[in-house]
Amino acid sequence: MARVFVYGTLKRGQPNYSRMLDAANGKAKLLASACTAQKHPLVIAGKCNVPFLLNVPGQGHRVKGEIYKVDEKMLKFLDEFESVPTMYQRTEVKLEVEEWVGEEEKEKMAPGSITEAFVYSTTSYEADWLSLRRYESYDSKGDHGLEYHVREARD
């Protein structure tokens, strides 16, 4: 089992969250809400208004998201879903736990604890993305006014 930090459309309440619940993709269990230990630029970019975590540590905000424990099948699905390695790259990131919701007592971490998980960030971005508005947290229905285009509706 691996830990994955999601910050965009795969979070609870977001357009692709159902993919985390689909047993055909593998197993995923929510462990905690967390934020990145370092600042990173989280931007909304491209013609489909996709959230991207740019792999530029030290810039932007400490990004909020969720930590999941996933099996190998789900990890493979997420790699494909995130178009690794062309669109995103799967790397490790240090995270600060905000609230632990996982049920297994032996894994439980107190708020403020530092842990690591995989994250899908990118070094494959347009130069002007560094000048885009940076977000602390992504919500597809947020006040940014940028409608996310689900994959099924893309041409």
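The shown structure was predicted, so the numbers you read here are calculated from the model rather than taken from an experiment.

### Quick look at the nonpolar core
Within the largest apolar cluster, 44 residues are counted, with the highest numbers of intra-cluster contacts made by F5, Y7, F52 and L78. In this structure L78 touches V4, L10, M20 and Y120, once residues within four positions along its chain are discounted.

### Let's talk about the pattern of salt bridges
Per the counting criterion, the structure on display carries eight salt bridges. Here E66 and R12 are joined by a salt bridge, their closest N and O atoms 2.8 Å apart. With a gap of 54 residues between them, E66 in strand β5 (residues 64-70) and R12 in the loop between β1 (2-6) and α1 (17-21) connect regions that are remote in the sequence. The class of R12 is partly exposed, set by a relative accessible area of 43%. With a closest N to O distance of 2.8 Å, R90 and D79 form a salt bridge. Of this pair, R90 sits in strand β6 (residues 89-100) while D79 sits in helix α2 (residues 72-81), and the two are 11 residues apart along the sequence.

### Points about the pairing of β1
The two faces of a sheet get side chains in turn, since along a regular strand they alternate between them. In terms of residue burial, β1 counts as a mostly covered element, since four of its five residues are buried. Relative to β5, β1 is paired through five bridges, and the arrangement is antiparallel. Residue pairing in the sheet places R3 in a bridge with K69 of β5. In this sheet, strand β7 (residues 114-121) lies alongside β1 in parallel orientation, the contact comprising two bridges. For V4, the partnering residue across the bridge sits in β7 and is F118.

### Let's talk about the sheet that holds β6
Strand order in this closed barrel of five strands is β1-β5-β2-β6-β7, and the pairing throughout is mixed. Recorded for the sheet is a direction-independent mean angle of 50 degrees between the axes of neighbouring strands. Sheet contacts for α2: β1, β2 (28-36), β5, β6 and β7; angle to β7, the most-contacted strand, approximately 40 degrees.

### So, the UniProt feature "active site" (unreviewed entry) in the protein
Residues annotated in UniProt with the feature "active site" (unreviewed entry) correspond here to E82. Judged by relative accessible area, which is 10%, E82 ranks as buried. If sequence neighbours within four positions are ignored, E82 has contacts with L10, M87, Y88, Y120 and R151.

### Describing the packing of aromatic side chains
The description of an aromatic ring pair rests on the distance of the ring centres and on the angle between the ring planes. A complete count under the given rule lists four aromatic pairs for this structure. On the basis of an interplanar angle of 20 degrees and a centroid distance of 5.3 Å, the ring pair of F52 and Y88 is categorised as stacked. Here F52 is found in strand β4 (residues 50-53), whereas its partner Y88 is found in the loop between α2 and β6, with 36 residues between them in sequence. In this pair, the class of F52 matches that of Y88, namely buried. Pairwise contacts between aromatic rings join F52, Y88, Y125 and W129 into one cluster. The aromatic ring of F118 is capped on one face by R90, whose charged end is 4.6 Å from the ring centroid.

What counts, and at which threshold
- Residues numbered from 1 in each chain as written.
- Predicted model: local features only at pLDDT ≥ 70, side-chain atom pairs only at ≥ 80, totals over all residues.
- Heavy atoms only, no water.
- Core = buried A, V, L, I, M, F, W, Y, C linked by side-chain atoms within 4.5 Å.
- Buried < 20%, exposed > 50% of the residue type's maximum accessible area, 1.4 Å probe, protein only.
- Contact = heavy atoms within 4.5 Å.
- Salt bridge = Lys/Arg side-chain N within 4 Å of Asp/Glu carboxyl O.
- Helix = DSSP H or I, 4+ residues; strand = E, 2+ residues; numbered from the N terminus.
- Pairing = 2+ DSSP bridges.
- Axes fitted to C-alpha atoms, helices over the stretch in contact; angles between N-to-C directions.
- UniProt positions renumbered as here; feature names shortened; annotations may be inferred.
- Phe/Tyr/Trp six-rings, centres within 6.5 Å; stacked < 30°, edge-to-face > 60°.
- Lys NZ or Arg CZ within 6 Å of the ring centre and 35° of its normal.

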